[in-house]
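What follows is each chain in one-letter form.
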Amino acid sequence: MISDTPFKLAILISGEGSNLQAIIDAITRGTLDARIDMVISNKASARGLGRARQAGIPAVVVAAIKGQSREEYDQRLLDTLAPTAPDLIVLAGFMRILSADFVRFYKGRIINIHPSLLPAYKGMDTHQRVLDAGETWHGATVHFVTEKLDDGKTIIQSRIPVEPDDTAESLQQRVHIEEHVIYPRAIQWLRETLLQPAIDPL
Ligand code: GRF
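Scoring rules and cut-offs
Residues numbered from 1 in each chain as written. Predicted model: local features only at pLDDT ≥ 70, side-chain atom pairs only at ≥ 80, totals over all residues. Heavy atoms only, no water. Helix = DSSP H or I, 4+ residues; strand = E, 2+ residues; numbered from the N terminus. Rg over C-alpha atoms; globule rule 2.2 N^0.38 Å. Buried < 20%, exposed > 50% of the residue type's maximum accessible area, 1.4 Å probe, protein only. Contact = heavy atoms within 4.5 Å. Areas by Shrake-Rupley, 256 points an atom, 1.4 Å probe, with all protein chains shown as cover. Axes fitted to C-alpha atoms, helices over the stretch in contact; angles between N-to-C directions. Parallel < 35°, antiparallel > 145°, perpendicular 65-115°, else oblique. Left-handed = near helix turned anticlockwise from the far one by under 90°. Nonpolar A, V, L, I, M, F, W, Y, C, P; charged D, E, K, R; others polar. Near = heavy atom within 4 Å. Polar contact = N/O pair within 3.5 Å; in protein donor to acceptor, adjacent residues only side chain to side chain.

A separate point is the overall build of the protein. Within the protein one finds six helices and seven strands. Its C-alpha atoms give the protein a radius of gyration of 17 Å, within 12% of the compact-globule value 17 Å for 202 residues. Taken over the C-alpha atoms alone, the protein extends approximately 55 × 50 × 35 Å along its principal axes. Out of the 202 residues in the protein, the part that is buried amounts to 44%. A separation threshold of at least 6 residues defines the contact pool for the protein, and within that pool the share at least 24 residues apart is 63%. Accessible surface computed for the protein: about 10,600 Å², of which carbon and sulfur atoms make up 54%.

Encoded structure:
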């Protein structure tokens, strides 16, 4: 049985927001039983902000201030998120590393999507690095966020073959298509497990 309580998401972005869009679309289609209460971007120019507003979701910018520490920035994030009390923090192309305090506050309730078959190819430029290494497989991973970059337990992966004529761009496009399938699926799975009501012993 799934709880009647809404599954409240906060989504953090920095750019295009195509994964945000996939999550919005899955909710609209009814394949994801969740509600996005807030979208936060660290960049005012993020295209995803427009996608959120188009869908009627409050979208705010929390921009880094010069000289501010990671801890101070993350405290502003925590303050911004607090009124919505999210069940799950969804990082969707959020280009900042979260501090230990932030990760601890939402322990086990922060997820990220990364364009590689983790634990391989953590960090940036994954598509080019996969090509340079002559890999035959590539993909995307949804994982829990810990204090280490692109670390934490894997929730779901999608794997695609690297074709002989692939470029970093073509790989990126095909990986993105996979991301848009697995991210809403991972969130729905968490919805069904994280909010599972305790079994009534009677
Ligand atoms: C995705 O490739 C994701 O794996 C990575 O950042 C990118 C975000 O893309 N973490 P978008 O903003 O969702 O289009």
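Picking up where we left off.
This paragraph deals with the packing of helix 1 (residues 18–29) against helix 6 (residues 168–194). Helix-helix packing is characterised by the crossing angle of the two axes and by the distance between the axes. Contact geometry of helix 1 with helix 6 gives a least axis separation of 9 Å together with a crossing angle of 50 degrees. Compared by their axis directions, helix 1 and helix 6 come out oblique. In this structure, the crossing between helix 1 and helix 6 has a hand that is right-handed. Facing helix 1, whose interface residues are Ser 18, Asn 19, Ala 22, Ile 23 and Ala 26, helix 6 presents His 176, Glu 179, His 180, Tyr 183, Pro 184 and Ile 187. Taken together, the residues of the contact of helix 1 with helix 6 sort by class into six nonpolar, four polar and one charged.

Let's shift gears to the site of the ligand. Taken together, Glu 16, Gly 17, Ser 18, Asn 19, Gly 93, Ile 113, His 114, Pro 115, His 176 and Glu 179 are the residues near the ligand. Taking Ser 18, its side chain carries an N or O atom lying 2.5 Å from an oxygen atom of the ligand. At a separation of 3.5 Å, an oxygen atom of the ligand approaches a polar backbone atom of Pro 115. Protein chains shield 84% of the accessible area of the ligand, which is 370 Å² for the free molecule. Residues of the shell around the ligand, tallied by class, amount to two nonpolar, six polar and two charged.

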